[in-house]
Amino acid sequence: MIDEPRIHDYGDGANVHKKVSLEFGDMGEGFKEADLIREDILFYEGNTHLPMEQHAAVAHFDADHKLTLWSATQTPHYVHRALAKTLELPASHIRVIATPNGGGFGGKSDPFNHEIIVSKLSMMTGRPVKVTLTREEVFYCHRGRHPVLMKIRTGVKKDGAITAMDFQSFLDGGAYGSYGVASTFYTGALQTVTYNVPRYKFRGLRAFTNKPPCGPKRGHGTPQPRFALEVHLDKIAEELKLDPAEMRLKHLVQPFSVTANYLRIGSMGLGKCIEKVVEGSEWKKKFSNWDRENRKLPEGKGVGLACSSYICGAGLPIYWNNMPHSGVQLRLDRQGGVCVQCGSTDIGQGSDSILAYIVAEILGIDPFDIRVITADTDLTPVDLGSYSSRVTLMTGNAAIQAAERARELLTMAVAEKLSVPIENLSFADRRVFDVENPETGVTFAEAVVLAESKFGTIGTVGSYTPPRSPGRYKGAGVGPSPAYSYSAAVAEVDVDASTGIVTVERIWIGHDIGQSINPALVMGQVEGSVYMGLGEALMEEMTYRANRNVVHKFPSLLEYKSPTTLEMCDVVTYLIEDRDPNGPFGAKEVGQGPLLPVMPAIANAVYDAVGVRIDEVPITPEKVLTALRDKAKGREARFGPKRVPDVEWPQPLKVLTPAEGGDGKEMPRVAVHS
Amino acid sequence: MMRLPKFTYRVPRTVADAVKMMSDAGAEGQFVAGGTDLYPNMKRRQQTPKTVISVTRLKELNQIAGDGRSGLRIGASVSLTDICEHMLINRDYPFVAQAARTISTPILRNMGTIGGNLLLDTRCNYYDQNYEWRKGINFCLKKDGEVCWVAPGSRKCWAVQSSDLVPLMVAVGAKLKLVSTLGERVVDAAGLYNDDGIDYLRKRPNELLTEIQLPPRNGWRATYKKLRRRGAFDFPVLGVAARLDLSDDGTVKDAKLILGGIAPAPVEVKEAEQALIGAPLDEERMQAAAESCYMKARPLDNTDFLMNWRKQMARPYVLRALQELREQ
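All values reported here derive from a predicted model rather than from experimental measurement.

Please explain the overall build of chain B as it appears in this structure.
Counting secondary structure elements, chain B contains 14 helices and 12 strands. Scaling as 2.2 N^0.38, a compact globule of 328 residues should have a C-alpha radius of gyration of about 20 Å, and chain B matches this with 20 Å. In terms of principal-axis extent, the alpha carbons of chain B reach across some 60 × 45 × 35 Å. Across the 328 residues in chain B, those meeting the buried criterion constitute 47%. For chain B, the proportion of contacts with a sequence separation of at least 24, taken over those separated by at least 6, is 64%.

In structure tokens form, the structure reads like this:
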């Protein structure tokens with residue numbers, strides 16, 4: 001191999017940031033068992049978060065040499081660490097406050113240059129310093145969706161049962177790392193958690209290019225492979241002449257099982273999601289069933305189905321430690337007020353209110369009685385931040401623990417006062433009372449007074465650490481999660497054959513939320529995901545002028561095309577409540593998962609409508625019209641990439657699957673003698 | 001984006017004062033109405049007038065007079081929202097309201113005016129960028145640079161005529177009143193536009209557009225079709241304005257077909273008009289007209305969408321315009 005100059009001092013060499021090669025189970029055996037082996041190449045264009053609010057930060061280095069940074073960030077704890085490192089200040093002298101912000105979507109997860117710049121300038125001047133990025137600067141900061149080229153090869157039995165899957169992904173990383181190593185692993189991690197994949201191989205490569213750095217955007221590294229997988233499965237269903245909904249239903253991953261790549265599945269409501277959207281959309285009355293001659297819908301109208309899954313919190317933090325991922329502190333005052341303190345960051349998803357609902361539920365008081373203080377490294381215990389759909393599950397579990405500990409103290413004091421057995425006491429309607437004799441009781445405020453009299457000031461803490469993953473191989477850190485959410489969507493589209501313009505008319509989407517803590521917030525996330533999905537599916541793209549210093553083609557809200565309310569389709573949402581034992585009250589995530597099925601469902605619907613495959617997003621009118629013309633001329637009715645680069649992959653790290661008796665560790669490498 | 005540069009803001013109360021102020025300001029002067037085009041351009045330093053003269057308080061520029069029988073006179077400062085909602089316009093010239101409704105967004109239509117829209121700066125993906133972006137590519141021919149990046153061999157600027165009302169006004173034969181200290185003149189809308197992205201108006205800078213005159217509606221019909229990515233915000237990447245005069249037996253007596261959004265000036269497709277005139281408006285004739293428009297449309301790669309696709313869209317969009325006129 002030629003010794004090429006390195007772009008950065010980190011990474012796997014030259015312009016390669018990361019190269020991964022993992023193999024779970026005997027692939028040869030898997031493909032041998034298959035009745036059909038299909039291979040597809042697909043591309044997912046990069047796009048950006050487009051939050052309404054640009055990033056902004058204010059720093060103040062005060063007279064006693066302590067630094068406070070207010071920043072529109074999703075991850076105050078990680079920013080805190082980055083500041084301590086770069087400014088060479090003791091972490092105990094730095095306070096980071098995440099301000100309410102106008103949307104993150106992953107774009108405010110990295111510690112940013114401007115956060116460090118305002119801090120340094122304030123240290124130099126002793127004055128408060130503020131930086132607000134312009135919209136153009138937000139486009140250049142980016143850290144958005146990676147453009148990913150993918151090759152997928154799957155062996156299936158006649159009934160659609162997967163025997164082996166081989167997945168390759170090539171990520172255009174932009175100029176810097178961001179969370180790109182995790183992004184690379186994520187393009188290969190979650191293929192196994194929806195349908196049973198007994199043997200699985202993944203190879204991924206992230207390259208540095210002269211563009212703004214890519215990073216985590218809603219779905220972090222998984223919308224691209226999910227798009228590829230769900231379109232690929234649609235094509236397999238057509239070859240096998242199977243209904244794509246039934247084929248998927250038949251081969252769902254088992255709940256409470258371990259996948260070939262050692263991800264532990266908990267509750268699994270995907271089957272119910274599929275059944276709901278199939279019924280709601282009247283799929284059977286609409287889907288062509290691969291028979292273009294006897295269509296049920298008129299030519300130009302079509303339906304498509306896709307499914308997905310997402311983690312409810314990453315199993316590991318981004319720096320190695322054994323401490324909890326989330327901490328909650330409760331303070332009860334004699335007036336009956338409860339203060340919840342947690343490092344979590346509300347970026348509009350409603351995580352502050354989740355803390356209030358959960359604590360109120362356990363203490364039998366009203367959420368309005370609760371004050372919530374969050375995202376302030378001086379006032380709140382650490383929570384790792386708003387990313388990887390971790391907040392409700394992890395802060396929720398920590399809040400339950402803290403609230404149960406407080407309830408225990410109150411119970412003891414009240415039981416003593418009322419001479420009632422401890423197990424008889426219940427908390428509801430702002431009272432603590434005997435369940436056998438509900439008139440016997442005290443108000444919640446009186447209960448706090450009793451407890452404070454007995455124990456002193458009442459404060460409790462709770463924390464949460466995810467369960468250990470069964471995966472022990474190198475690379476097993478990305479993908480494990482306490483639980484997995486599931487989604488299924490049916491899209492109905494209209495394709496204008498004279499222009500290629502695709503209009504999404506309606507989307508039915510089922511989401512397995514485990515348990516809704518607040519259904520209005522859950523529905524909001526689902527509908528918001530559909531809206532973002534329409535943009536990614538139909539128009540959004542980060543494009544550059546290669547011949548003009550690689551400037552972004554149009555870093556503006558006018559010319560970076562994202563849907564308006566006029567492009568938004570009707571959405572019918574079904575919430576599936578299949579409680580997960582690891583979730584707080586059984587709750588799972590909803591912030592990212594429901595985005596994932598939208599893009600492939602639309603691509604599959606376009607095929608159903610006009611019989612052309614658009615194997616890349618965005619599905620623009622130009623691509624559809626080109627494919628329609630090719631089809632009319634008898635050429636391949638497809639628009640998409642035709643090849644992937646030749647890469648010298650490293651020897652795969654081999655892991656026996658659980659079914660093969662594996663223990664989650666990699667097999668010792670066998671030296672190959674020629 | 002930078003903030004607005006410093007400038008003197010003047011608010012005349014009469015047209016005479018306005019043109020006098022402009023004469024005093026000289027080459028550094030600029031009229032402004034709604035400011036939805038000028039102010040963003042000033043923030044991006046594409047235009048940097050030292051004196052900005054508002055025409056929004058000029059009474060005669062805010063009036064609408066006449067009707068479909070006598071012709072309609074619309075003051076240049078009438079807002080696009082008022083154009084969309086005006087009872088007489090909707091009754092006698094519905095296509096004008098229809099085209100105005102496709103401009104940008106409701107909020108910008110509240111500020112933007114019909115006169116401002118007719119004088120809209122030409123647009124280009126290499127030009128409608130902030131100062132730093134343009135500096136990053138060494139600027140372009142239209143402003144501060146030497147090369148047209150759309151067509152690097154070209155001596156001409158290819159920025160695009162991007163107003164929705166321009167093709168329509170040309171198609172219906174509107175007349176425009178221009179006033180300066182030297183007096184006033186009335187020109188055909190068709191004569192105002194020049195096929196050059198920099199020097200895109202055949203109007204002296206000190207002339208104030210005061211009035212748009214629509215001809216009486218004696219039998220002719222018109223429509224406007226707009227191609228763009230989204231249902232709001234976006235400028236046209238192709239606009240089709242069509243006017244037809246049909247005799248009682250359905251024969252086309254006269255026709256105008258004007259394409260917007262594909263060149264520095266609105267493009268009249270005479271071949272398409274000839275294909276229609278003197279014959280009934282049948283499918284074959286309409287197809288022939290659409291084909292002529294397709295041949296004539298030569299957009300370059302400086303707006304949203306691929307240029308080849310925009311060219312191809314001339315066929316269906318012209319066809320749709322003509323089909324709509326046949327049904328009217």
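What am I meant to see in the overall build of chain A here?
Regarding its fold elements, chain A presents 15 helices and 26 strands. Here the C-alpha atoms of chain A give a radius of gyration of 26 Å, agreeing with the 26 Å that 2.2 N^0.38 yields for 674 residues. Each principal axis of the C-alpha distribution contributes one length, and for chain A these read about 85 × 65 × 60 Å. Contacts spanning at least 24 positions in sequence make up 79% of the contacts within chain A whose residues lie at least 6 apart.

I would appreciate a short explanation of the domain arrangement of chain A in the present structure.
Note on interface size: it is often stated as the accessible area lost on association of the parts. Residues and elements named next belong to chain A. The domains assigned to chain A are domain 1 (16–48 + 143–314 + 474–639), domain 2 (56–141) and domain 3 (326–464). Its C-alpha centre places domain 1 at a distance of 35 Å from the equivalent point of domain 2. At the junction of the two partners, domain 1 supplies 14 residues and domain 2 supplies 10 residues. Of the residues assigned to the side of domain 1 that touches domain 2, the class counts are 4 nonpolar, 7 polar and 3 charged.

Please clarify how helix α9 (residues 165–172) of chain B should be interpreted in this entry.
Residues lying three or four places apart along an α-helix face the same way, a consequence of the helix completing one turn every 3.6 residues. All names here are of chain B. Within α9, 8 of the 8 residues are buried, which leaves it mostly tucked inside the rest of the structure. Along α9, the residues that are buried comprise L165, V166, P167, L168, M169, V170, A171 and V172. One or two residues past the end of α9 sits G173, with phi positive at roughly 75°.

Looking at this structure, how should I read the domain arrangement of chain B?
Residues and elements named next belong to chain B. Structurally, chain B comprises domain 1 (60–119 + 160–214) and domain 2 (221–327). Here the C-alpha centroids of domain 1 and domain 2 sit 20 Å apart. Domain 1 puts 22 residues into the contact, and the matching count from domain 2 is 24 residues. Counting residues per element, the side of domain 1 that touches domain 2 draws most heavily on α9, at 6 residues. Considered class by class, the residues forming the side of domain 1 that touches domain 2 number 11 nonpolar, 8 polar and 3 charged.

Just checking my understanding: could you explain the sheet that holds strand β5 (residues 94–98) of chain A for this structure?
Residue and element names in this part refer to chain A. Taken in spatial order, the 4 strands line up as β5-β4-β3-β6 in an open sheet, and their pairing is mixed. Each edge of the open sheet is held by one strand with a lone partner, namely β5 and β6 (129–132). Neighbouring strand axes in the sheet, compared pairwise and without regard to direction, differ in orientation by 10° on average. Pairing of strand β4 (residues 67–71) with β5, which is carried by 5 bridges, proceeds in the parallel orientation.

Just to check I follow, could you spell out the pairing of strand β6 (residues 175–180) of chain B for this structure?
As a general feature of sheets, a regular strand has side chains that alternate between the two faces. Residues and elements named next belong to chain B. In terms of strand pairing, β6 meets strand β7 (residues 183–188) through 6 bridges, oriented antiparallel. Residue pairing across strands places L176 opposite V187, the latter belonging to β7. Count of turn residues in the β6/β7 antiparallel hairpin: 2 residues. With 5 bridges joining them, β6 and strand β8 (residues 208–214) adopt antiparallel strand pairing. In the strand pairing of β8, K177 is matched with E211.

I would appreciate a short explanation of the interface of chain A and chain B in the present structure.
Opposite the 21 residues of chain A that make contact, chain B presents 18 residues. Among the elements that line the side of chain A that touches chain B, the one with the most residues is helix α15 (residues 621–632) of chain A, at 3 residues. Its residues placed into classes, the side of chain A that touches chain B shows 9 nonpolar, 5 polar and 7 charged.

Got a minute to help me understand the sheet that holds strand β11 (residues 252–260) of chain B in this structure?
The pairing of strands in a sheet happens through backbone hydrogen bonds and is either parallel or antiparallel. Residue and element names in this part refer to chain B. With antiparallel pairing, 4 strands are arranged side by side in an open sheet as β9-β10-β11-β12. Sheet topology places β9 (221–227) and β12 (267–268) at the edges, where each strand pairs with a single neighbour. Across 8 bridges, the pairing between strand β10 (residues 238–246) and β11 is antiparallel. Paired with R243 across the bridge in β11 is K256. In this fold α9 packs onto β9, β10 and β11, with an angle of close to 20° to the strand it touches most, β10.

Would you mind showing me how to read the environment of I400 of chain A here?
Residues and elements named next belong to chain A. Structurally, I400 is set in helix α11 (residues 391–418). Judged by the 19 C-beta atoms lying within 10 Å of it, I400 falls in the partly exposed class. Along the primary structure I400 and E29 are separated by 371 residues, whereas in three dimensions their C-alpha atoms are 47 Å apart. If we skip the residues at most four places from it in the chain, I400 touches I358, I362, G462 and P584.

I tried to follow the packing of helix α2 (residues 76–87) of chain A against helix α3 (residues 113–125) of chain A on my own but got confused; where do I start?
Two packed helices can be described by the angle between their axes and the distance between those axes. Residues and elements named next belong to chain A. Relative orientation of the contacting elements α2 and α3 amounts to 50°, with a least axis distance of 10 Å. Comparing their axes, α3 and α2 come out oblique. Helix-helix and strand crossings are classified by hand; for α2 and α3 the assignment is right-handed. Of the residues in α3, those in contact with V79, L83, T86 and L87 of α2 are E115, I116, S119, K120 and M123.

Whenever I open this one, the nonpolar core confuses me. Can you help?
Residues V340, V359, A489, I602 and V606 of chain A together with L168 and V318 of chain B are the most contacted members of the largest nonpolar core, which totals 258 residues. When residues in this core are grouped by element, the largest group, 12 residues, is from α11 of chain A. Apart from the residues lying within four places of it in its own chain, the contact partners of V318 of chain B are V240, L257, A289, A290 and C293 of chain B.

Even after reading the chapter, I still don't get the confidence of the model for chain B, so can you show me in this structure?
Where the model shows low pLDDT, its predicted coordinates should not be examined in detail. Here chain B averages 97 in pLDDT, while 100% of its residues score no lower than 70. Predicted complex, confidence summary: ipTM 0.96, pTM 0.97.

Please explain unusual backbone geometry as it appears in this structure.
Excluding glycine, a negative phi dihedral is what most residues carry, and trans is how most peptide bonds are arranged. In this model, V617 of chain A is joined to P618 of chain A through a cis peptide bond whose omega is 0°. Along the chain, the position of P618 of chain A falls in the loop between β24 (616–617) and α15. Located in the positive-phi region is E88 of chain A, a residue other than glycine, with phi close to 55°. Note that E88 of chain A resides in the loop between α2 and β5. Take E88 of chain A: there are 7 C-beta atoms within 10 Å of it, and that puts it in the exposed class. Phi at D144 of chain B is positive, roughly 70°, even though this residue is not glycine.

Before we go on, may I ask you to explain the pairing of strand β14 (residues 425–428) of chain A in this structure?
Residues and elements named next belong to chain A. Only one face of β14 is buried, namely the one carrying L425 and F427, since none of S426 and A428 on the opposite face is buried. In terms of strand pairing, β14 meets strand β15 (residues 431–434) through 4 bridges, oriented antiparallel. Across the sheet, A428 pairs through a bridge with R431, a residue of β15.

What should I look at first to understand the packing of helix α13 (residues 519–538) of chain A against helix α14 (residues 598–610) of chain A in this one?
Residues and elements named next belong to chain A. Running from amino to carboxyl end, α13 crosses α14 at an angle of 55°, the nearest separation of the two axes being 8 Å. The angle between the axes of α13 and α14 places the two elements in the oblique class. Along this stretch, α13 crosses α14, giving a crossing that reads as right-handed. Mapping the contact onto sequence places S529, V530, G533, L534, E536 and A537 in α13 and V598, M599 and I602 in α14. Here the contact of α13 with α14 is composed, by residue class, of 6 nonpolar, 2 polar and 1 charged.

So what exactly am I meant to see when it comes to the environment of T122 of chain B here?
Residues and elements named next belong to chain B. Structurally, T122 can be placed in the loop between α7 (114–118) and α8 (131–136). Judged by the 25 C-beta atoms lying within 10 Å of it, T122 falls in the buried class. Between the alpha carbons of T122 and A290 there is a distance of 25 Å; along the sequence they are 168 residues apart. Each residue touching T122, except ones within four places of it in the same chain, is listed here: A159, V160, Q161, S162, G197, Y200 and P264.

Scoring rules and cut-offs
Residues numbered from 1 in each chain as written. Chains lettered and ligands numbered in written order. Predicted model: local features only at pLDDT ≥ 70, side-chain atom pairs only at ≥ 80, totals over all residues. Helix = DSSP H or I, 4+ residues; strand = E, 2+ residues; numbered from the N terminus. Rg over C-alpha atoms; globule rule 2.2 N^0.38 Å. Buried ≥ 20, exposed ≤ 12 C-beta atoms within 10 Å, placed from the backbone. Contact = placed C-beta atoms within 7 Å. Domains from an automatic or database assignment. Nonpolar A, V, L, I, M, F, W, Y, C, P; charged D, E, K, R; others polar. Pairing = 2+ DSSP bridges. Axes fitted to C-alpha atoms, helices over the stretch in contact; angles between N-to-C directions. Parallel < 35°, antiparallel > 145°, perpendicular 65-115°, else oblique. Left-handed = near helix turned anticlockwise from the far one by under 90°. Core = buried A, V, L, I, M, F, W, Y, C linked by C-beta atoms within 7 Å. pLDDT = per-residue confidence, 0-100.

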